Amino acid sequence: MLVLKFGGTSVGSGERILRVAEIALGLHAREPVVVTSALAGVTDALLALATAAAQGDRAECDARLAAIEQRHFDAAHSIDPGGDWAALRDRFVALGDAIATACDAQDGSLAMRDGIIGWGELLAVLLVERAINRVGGSGYAWDEPLIATDDHYGEATPDAAKTRTLATTAWEAFQAWRGSQPLPGIFVAPGFIGQAVGYPLTAQRAPDFLEHWINSTTLGRGGSDYSASLIAAALDAEACWIYTDVDGVFTADPRLVAGAQPLPIISYAAAGRLALCGAKVLHPRSVAPAAQAGFELRVKNTFHPEHEGTLLVAASDATHGLPLAVAGRRKLAMIVLDGPSLPTIPNLFGRLCTAISAAGAEIVLAAQPVPGHDPRIVIDAVGADAAQQHIQQEFAHEIARGQIAGQRTIDGLALCTVVGDTLASTWGTLAQRALASEKITPRLHSAAPEALTYIIAATDLDRAIVRLHRDVIEPALRELAQQRARPYANGQWAAGGRTQQRRRTIPPQH
Ligand code: ADP
Ligand code: ASP
Ligand code: MG
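Each chain has its residues counted from 1, following the order in which its sequence is written. Chain A is the first chain written and ligand 1 is the first ligand written, with later ones labelled in order. Reporting in this predicted model follows two pLDDT cut-offs: at least 70 for local features of residues, and 80 or more for side-chain atom pairs to be given and counted; totals over whole chains, interfaces and linings ignore these cut-offs and use all residues. Processing note: side-chain calculations cover all non-hydrogen atoms of the structure and skip hydrogens and water entirely.

## Let's talk about the site of ligand 1
- To be near a molecule or strand, a residue needs just one of its heavy atoms within 4 Å of it. Residues in close proximity to ligand 1 total 18 residues, the closest being T244, D245, F250, D253 and R255.
- In the model, an oxygen atom of ligand 1 is placed 3.0 Å from a nitrogen or oxygen of the G8 main chain.
- N or O atoms within 3.5 Å of each other form a polar contact, as long as, within protein, one can give a hydrogen and the other can take it, and as long as residues adjacent in sequence are counted only when both atoms are side-chain atoms. Contacts to ligand 1 include F250, whose backbone N or O atom sits 2.8 Å from a nitrogen atom.
- The Shrake-Rupley method, run with a 1.4 Å probe, gives the accessible areas here. Residue values count only the displayed protein chains as cover. Relative to its free-state accessible area of 570 Å², ligand 1 is covered by the protein chains to the extent of 90%.
- Charged residues are taken to be Asp, Glu, Lys and Arg, nonpolar residues to be Ala, Val, Leu, Ile, Met, Phe, Trp, Tyr, Cys and Pro, and polar residues to be all remaining types, Gly included. Per-class residue counts for the shell around ligand 1 are 8 nonpolar, 5 polar and 5 charged.

## Concerning the packing of aromatic side chains
- Ring pairs are drawn from Phe, Tyr and Trp, using the six-membered ring of Trp, whenever the two centres fall within 6.5 Å, and their geometry is named by plane angle: stacked under 30 degrees, edge-to-face over 60, tilted for the rest. For the structure on display, the rule yields 11 aromatic pairs.
- Ring centres of Y140 and F187 lie 6.0 Å apart, and the angle between their planes is 25 degrees; on these two criteria the pair is classed as stacked. Taken together, the residues Y140 in strand β3 (residues 138-141) and F187 in strand β5 (residues 185-190) connect sequence positions 47 residues apart.
- Exposed residues in this analysis have more than 50% of their type's maximum accessible area, buried residues have under 20%, and partly exposed residues fall in between, with area computed by a 1.4 Å probe over protein chains only. Look at F187 and you get buried, because its relative accessible area is 0%.
- Seen from their ring centres, W171 and F174 are 5.0 Å apart, and the 40 degrees between their planes marks the pair as tilted. Within this pair, W171 and its partner F174 are both found in helix α7 (residues 160-178), separated by 3 residues, close to a single helical turn. Each helix is a run of DSSP H or I of at least 4 residues and each strand a run of E of at least 2, with the numbering of both proceeding from the N terminus.

## Describing unusual backbone geometry
- Phi angles above zero are rare outside glycine, and F192 is one such case at about 75 degrees.
- With respect to the secondary-structure elements, F192 resides in the loop between β5 and β6 (193-195).
- A residue is classified by how much of its surface remains accessible, and F192, at 3% relative accessible area, is buried.
- Not every positive phi belongs to a glycine, and K439 is a case in point at roughly 60 degrees.
- With respect to the helices and strands, the residue K439 is situated in the loop between α14 (426-437) and β16 (444-448).
- On the basis of relative accessibility, which here comes to 73%, the residue K439 falls in the exposed class.

Next comes the structure, spelled out in structure tokens:
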């Protein structure tokens, strides 16, 4: 079995959905399970709808819902112009009911929000199913989330054992149905969404087409990659291919860096780090199920399916020691405490981190140059206000006694990271020179064998990435090219383990 996940841009229009159907049908001998995202932009549109519902703004909800409906019917009519789309219409009636309930109650809970934004995937499965029928297969759309989760709405945590039960039950139902089909049957499942199985039901209204009430959850934005990987693990699939709109994991975002190249191979760990540092191509949590279960995980291009894409592997000898890619993440803030008496506060750093995480803020990087001095904590800016409040409570006495002279948040920051596996320290020197030549002075940096991370002004981020790619990644790629006769062909880097060829020199400066 092969799990094929298609992202929003891959299913962005009727024409594209037909292409997706052709890819899946072409692989039917390997028992594909198609996991689909919502159509591009639809989750954002549903999020805006959920916000309007929470405000009880009925007119806004109606207008937004009509636009989403139009978008789906445009796609539907290009997939099957003369077809009967009553099921899609029914689904919009059920969505309309769910929105009306939220709007009347002015329900802005995360549970209600998840209940609304997960509809993008439940609508998409119908379009993909029909497209499969149109290209000569038999589509079978599963109407419910296959992922069992906890009730942490907004970014739920999956439960592997319960997910296995949900997924195998669905798969068995499909197999029973497939037996009666003259054409190749293809299972289509919604990505991104989960259900909090076994948790007390919230006030959410069950959509009419579900047979029972569920608590709809989501796995966090961009989470359909993760759901595909979880489904592959639950169904013991041989592989999970994440189809997107580029040729795999690149050495930098190809939209930003013209010279970025697709990597034929990358380790799970490096890919996970890259994703956590802002490379949108893969959800950060999607690599763990593959690393654990051992199925093949690959990133491929829907619009160039013959390209091998990027294979994720446990470890790659060929890229050992080399920087592989650079990524950036915006919307960060730095929490800074001031005052000459800071070192007199016992366990300052630990208490600070605890207060910030108690506020629900995500700590991205934390440092103190020497113990007890000048702590600097970089966090996701979303949590900055809550973090400051918690710090004020935690250190009320120290502030009153003047041990802490001031606390500040520095906004408008970004993180820029060069990722590799077991990076030699000399690459750090090269990276710092690259930033200096752009006159970019990091406010904080951290160097580890896994990654070189720089906290810089968000306005400098694009420039930093382009320069680091030119001065650090491209020399590393040239070095790899020298090591190998066919450096990027057919995913060959992993083969043959060229450990004896690791000796290298730092390239000259530009
Ligand atoms: P999907 O809708 O298929 O999930 P995403 O938009 O989430 O697609 O991710 C694909 C996009 O990620 C690409 O179009 C690309 O611009 C961006 N991206 C950022 N960094 C990288 C990278 N290192 N390699 C490949 N793509 C990247
Ligand atoms: N549709 C969801 C989102 O936009 C999940 C995904 O596309 O991966 O976040
Ligand atoms: Mg994505």
